[in-house]
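What follows is the residue order along each chain.
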Amino acid sequence: MLFRAAVFAGLAALALAGCTTPGARIPNATPEEIAAAAYRHPGPPAITLYTMINNRTDAGAHSSMMVNAPSQRVVFDPAGSVRADYLVEADDVLYGITPRIEGFYERAHARETYRVRIQRIEVPPEVAEQALRLVQGYGSVPHAQCTVATSGVLSQLPGFEGIKNTWFPVKLADQLAEMPGVTERVLREDDADDKALAIAAGPGDQPNQ
């Protein structure tokens, strides 16, 4: 009976967590491709949490995070579906996150049915570098475990001791909101409910500066 209850609890968590269904996987980039794509952003070291939320139900659909470390800026998109041959990706880490790609990534998730809660917190350089190492070493994340992976990385960082592992995107965002220094914005767009169209269109004329 206890085993059956645990199984049902796990299945419920998977259903409610609602991580994005991965599309066709892009083969991992080579070390040479990753090195060539590396982008250093001039802004202060920071971590940005993305939470995709269903506009009809307010349920969380996906969690991911951007790490702006002194060495380079990446997006950890565990079990994500923003994959295309123009993006450099290895084991759920997207490289070369210029402002143009950053804007594209955010807008690829925002549409008439989903909004994106974007929370940013500045961190010491060594914490950002630790976060970068953790996401690079995490490996490819199974479907529906996006928030488990994201919260697991954050909970290991100095200063993030209040972050507890969770399956639920909104719960993770609410935990981060309690930390001092967090800034927040919400991105809403009225694009059609088909993320594949945004991915196929690519970054377009997003600013690249």
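Check the entry above for the structure.
Chemist: Describe the overall build of the protein, naming the residues involved and giving the relevant values.
Modeler: Looking only at helices and strands, the protein has seven helices and seven strands in total. When the helices and strands of the protein are read in sequence order from the N terminus, they spell out α-α-β-β-β-β-β-α-β-α-α-α-β-α. Going through the 209 residues of the protein one by one, you find that 49% of them count as buried. Considering only contacts within the protein whose residues lie at least 6 apart along the sequence, 72% involve residues at least 24 apart. Of the roughly 10000 Å² of accessible surface on the protein, 56% is carried by carbon and sulfur atoms.

Chemist: Describe in detail helix α4 (residues 125-138), supporting the description with residues and values.
Modeler: Between its first and last C-alpha atoms α4 spans 20 Å; for 14 residues at 1.5 Å apiece the expected length is 20 Å, and the two agree. When α4 is considered as a whole, its buried residues turn out to be V127, A128, E129, A131, L132 and V135. Against the buried residues of α4 lie β1 (46-54), β2 (60-68), β3 (73-76), β5 (93-95) and α5 (146-154).

Chemist: Describe the side chain of N54, listing the residues and the values that go with them.
Modeler: When you line up the elements, N54 lands in strand β1. The class for N54 is buried, based on a relative accessible area of 13%. Of the polar contacts made by the side chain of N54, one reaches the backbone nitrogen of R56; its length is 2.7 Å. The residues touching N54, leaving out its near neighbours within four places in the chain, are A59, T113, Y114 and R115.

Chemist: Talk me through unusual backbone geometry; I want residue IDs and the actual numbers.
Modeler: Its identity as a non-glycine residue notwithstanding, A79 has a phi of 55 degrees, on the positive side. Within the secondary structure layout, A79 lies in the loop between β3 and β4 (88-90). Of note in the backbone geometry, D92 takes a positive phi value of approximately 70 degrees without being a glycine. With respect to the helices and strands, D92 occurs in the loop between β4 and β5.

Calculation rules
Residues numbered from 1 in each chain as written. Predicted model: local features only at pLDDT ≥ 70, side-chain atom pairs only at ≥ 80, totals over all residues. Heavy atoms only, no water. Helix = DSSP H or I, 4+ residues; strand = E, 2+ residues; numbered from the N terminus. Buried < 20%, exposed > 50% of the residue type's maximum accessible area, 1.4 Å probe, protein only. Contact = heavy atoms within 4.5 Å. Areas by Shrake-Rupley, 256 points an atom, 1.4 Å probe, with all protein chains shown as cover. Expected span 1.5 Å × (residues − 1). Polar contact = N/O pair within 3.5 Å; in protein donor to acceptor, adjacent residues only side chain to side chain.

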